[in-house]
Every structure is written in C-alpha cells, then in structure tokens.
Amino acid sequence: MPLLPGAEPLRHDGGEVGVLLCHGFTGCPQSMRPWARYLAERDLTVSLPLLPGHGTRWQDLAVTGWQDWYATVDHELRRLSERCEQVFVCGLSMGGALALRLAALHGDAVSGVVAVNPAATLPRIQGYALPVLRHLLPSTRGVTGDIAKEGVVEVGYDRVPLHAAHSLYELLRTVRGELPRVTRPLLLLHSRVDHVVPPSDSALILDRVSSRDVTETVLERSLHVATLDHDAERIFADSYGFITRLTARKTARDGA
C-alpha cells in the first residue's frame with residue numbers, strides 16, 4: 001500500500017547521543033519531521049519510525065494494536081542503544097504515552113523523556129462504550145489536524161477505526177499504571193487549548209511519575225499538533241536544550 005505524503009520514516013546517523021521520536025495515533029512521521037530534522041542538523045542520531053497501520057489508509061490501522069505500535073518503538077530504542085552512549089525518547093500525543101512506557105520499562109537506558117501533549121486517558125463514556133461499539137461501527141470521524149497556524153496541514157487519517165481506538169484505550173490504561181516507574185528526567189510541554197487531549201492528562205502524568213527532574217511548559221499559541229504549530233520552534237529548542245543539559249551533566253559526572 002503506498003504511503004501518504006510525508007509518512008516515510010526518517011533516520012539520521014549523527015553523534016553519540018540518540019533521539020527516538022514517536023508520532024501520534026492516526027498520524028504519521030510528517031507531524032514530527034521538522035523536529036527530527038532540527039535535531040539531526042545538530043549532529044544527533046535520530047530515529048523517527050512509522051508505526052504499524054499508520055501512514056497508508058485507516059483500514060490498515062484497524063488490524064493492528066498497541067502491542068504492535070509499542071514493539072516498533074521498543075525495537076528502535078534498542079537499536080539506538082547499541083549505537084549511542086545516551087538515548088532520549090520524545091513523543092506527541094499517543095507517542096508521548098509510548099515514550100513514557102519506554103522510560104518506565106527500560107529505566108536507565110532512557111536518558112530523558114520529552115512529551116508534547118501526551119495522552120493518558122480517553123473520555124470515560126467513549127472508553128466504556130468501545131468494547132461494544134467496535135463490533136457495530138467500523139470507524140468514526142478523525143482527530144487529526146488540530147492546528148492553530150493557518151495553512152498548516154497534518155497528514156493522517158480522516159477516520160478512526162474503533163478496533164484500534166479500543167486498543168489505544170488499553171494502552172493508555174496500561175501506561176497510567178506504569179507511570180510511577182518513570183524516574184528519568186522529563187520535559188513535558190502541553191497546549192493550554194487542545195481539542196484532542198485535555199491538559200488534565202498532562203496534570204495526571206506529572207502527578208504520577210516519580211521523576212525528580214521535571215520541567216513543565218505551557219504552550220499558549222498552539223493546539224494539539226504543537227510540533228507543526230506556532231510553538232514548534234520553542235519545542236525544538238527546548239528539547240535540544242534539555243538534551244544538551246543532561247548530556248553535559250553526565251559528561252561532567254563521568255569525568256569527576
């Protein structure tokens with residue numbers, strides 16, 4: 001099946017610091033590509049994979065589940081860890097949830113987490129209805145394209161397959177239970193107005209993680225897909241500053 005424009009994965013071999021970027025549910029690498037290129041231009045080794053079922057047509061997503069999506073980013077983390085001295089994980093929306101799960105399960109193999117509008121819940125009524133609805137209704141309207149900046153389009157599906165939505169519900173429930181195991185430094189950036197993931201999800205994550213090094217940034221000018229919105233450059237610069245601060249601290253500690 002041909003890929004949608006911009007859905008191609010991106011890999012860049014740079015220095016000894018690696019970054020794994022995880023895109024969101026029904027989206028694709030296009031929403032993260034400017035961020036990935038920004039980091040690659042600064043000599044970081046970058047991996048931006050295409051998650052299974054994404055980047056083609058929504059029917060392909062219907063036959064995948066969260067274990068498939070997570071297995072892809074888990075594999076990429078292991079691959080980066082073989083090549084790089086330090087690896088950071090970044091994610092948007094569901095990608096933020098995947099990044100947090102990587103940090104929870106891999107511990108010190110993850111040097112830090114950057115999460116942008118990370119998802120942690122689905123609306124309660126919708127979540128409770130999905131086990132039944134997914135057998136009655138193939139799909140519902142899409143959630144891509146929540147961007148304030150005029151003329152900017154997110155590449156993704158205009159329909160959400162309910163089987164995959166139910167699997168997302170199960171993923172988020174799993175990640176919520178694992179948040180206390182997240183001890184790595186965390187940079188969390190969330191939009192004040194978000195029509196896809198409520199800011200309360202970020203508050204829940206900040207309340208439950210065990211990280212001591214935590215930075216919260218509120219994005220005033222962007223909606224959900226902030227990596228393509230007015231605050232994109234701030235996200236890129238802040239994440240790079242976060243990475244360089246932690247790598248410098250490790251270098252100083254190792255040299256002491």
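Computed from a predicted model, the values in this text were never measured in an experiment. (Residues numbered from 1 in each chain as written. Predicted model: local features only at pLDDT ≥ 70, side-chain atom pairs only at ≥ 80, totals over all residues. Heavy atoms only, no water.)

Chemist: Just to check I follow, could you spell out the packing of helix α4 (residues 94–106) against helix α6 (residues 162–178) for this structure?
Modeler: Helix packing for two helices is described by the angle between their axes and how far apart those axes are. Contact pair α4 / α6: the axes reach a minimum separation of 10 Å and the direction vectors enclose 40°. With respect to each other, α4 and α6 are oriented oblique. Considering how the two elements wind past one another, α4 and α6 form a crossing that is left-handed. Residues M94, A97, L98, L100, R101, A104 and L105 of α4 form the contact with α6, whose participating residues are L168, L171, L172, T174, V175 and E178. Of the residues in the contact of α4 with α6, the class split is 10 nonpolar, 1 polar and 2 charged. (Axes fitted to C-alpha atoms, helices over the stretch in contact; angles between N-to-C directions. Helix = DSSP H or I, 4+ residues; strand = E, 2+ residues; numbered from the N terminus. Parallel < 35°, antiparallel > 145°, perpendicular 65-115°, else oblique. Left-handed = near helix turned anticlockwise from the far one by under 90°. Contact = heavy atoms within 4.5 Å. Nonpolar A, V, L, I, M, F, W, Y, C, P; charged D, E, K, R; others polar.)

Chemist: Please clarify how the UniProt feature "active site" (unreviewed entry) in the protein should be interpreted in this entry.
Modeler: In the numbering used here, UniProt assigns the "active site" (unreviewed entry) feature to S93, D194 and H224. Considering the C-alpha atoms alone, the annotated residues occupy 132 residues of sequence yet fold into one spot, their largest mutual distance being 10.7 Å. Among the residues examined, S93 registers a relative accessible area of 10% and is labelled buried. If sequence neighbours within four positions are ignored, S93 has contacts with G24, V116, N117, P118, A119, V197 and H224. With respect to the secondary-structure elements, H224 resides in the loop between β9 (214–219) and α8 (232–255). Relative accessible area serves as the criterion here: at 6%, H224 is assigned to the buried category. Apart from residues no more than four positions distant in its own chain, H224 is found in contact with L92, S93, N117, D146, V193, D194, V196 and V197. A distance of 2.9 Å separates polar atoms of two side chains, one belonging to H224 and the other to S93. (UniProt positions renumbered as here; feature names shortened; annotations may be inferred. Buried < 20%, exposed > 50% of the residue type's maximum accessible area, 1.4 Å probe, protein only. Polar contact = N/O pair within 3.5 Å; in protein donor to acceptor, adjacent residues only side chain to side chain.)

Chemist: What am I meant to see in the sheet that holds strand β4 (residues 86–92) here?
Modeler: Think of a sheet as strands paired side by side through backbone hydrogen bonds, with each pair either parallel or antiparallel. The mixed open sheet is built from 7 strands, whose spatial order is β1-β3-β2-β4-β5-β8-β9. The open sheet terminates on both sides in strands that have one partner only, identified here as β1 (10–12) and β9. Strand-to-strand twist across the sheet, computed as the mean angle between neighbouring axes with direction ignored, equals 15°. Where strand β2 (residues 17–22) and β4 come together, 6 bridges link them in parallel fashion. Across the sheet, residue V17 finds its bridge partner in β4, namely Q86. Contacts from helix α1 (residues 33–40) reach β1, β2, β3 (45–48), β4 and β5 (112–116) within the one sheet, and its direction differs from that of β3 by about 165°. Here helix α3 (residues 66–83) sits on the sheet and contacts β1, β2, β3 and β4; the angle it forms with β2, its principal contact strand, is near 170°. (Pairing = 2+ DSSP bridges.)

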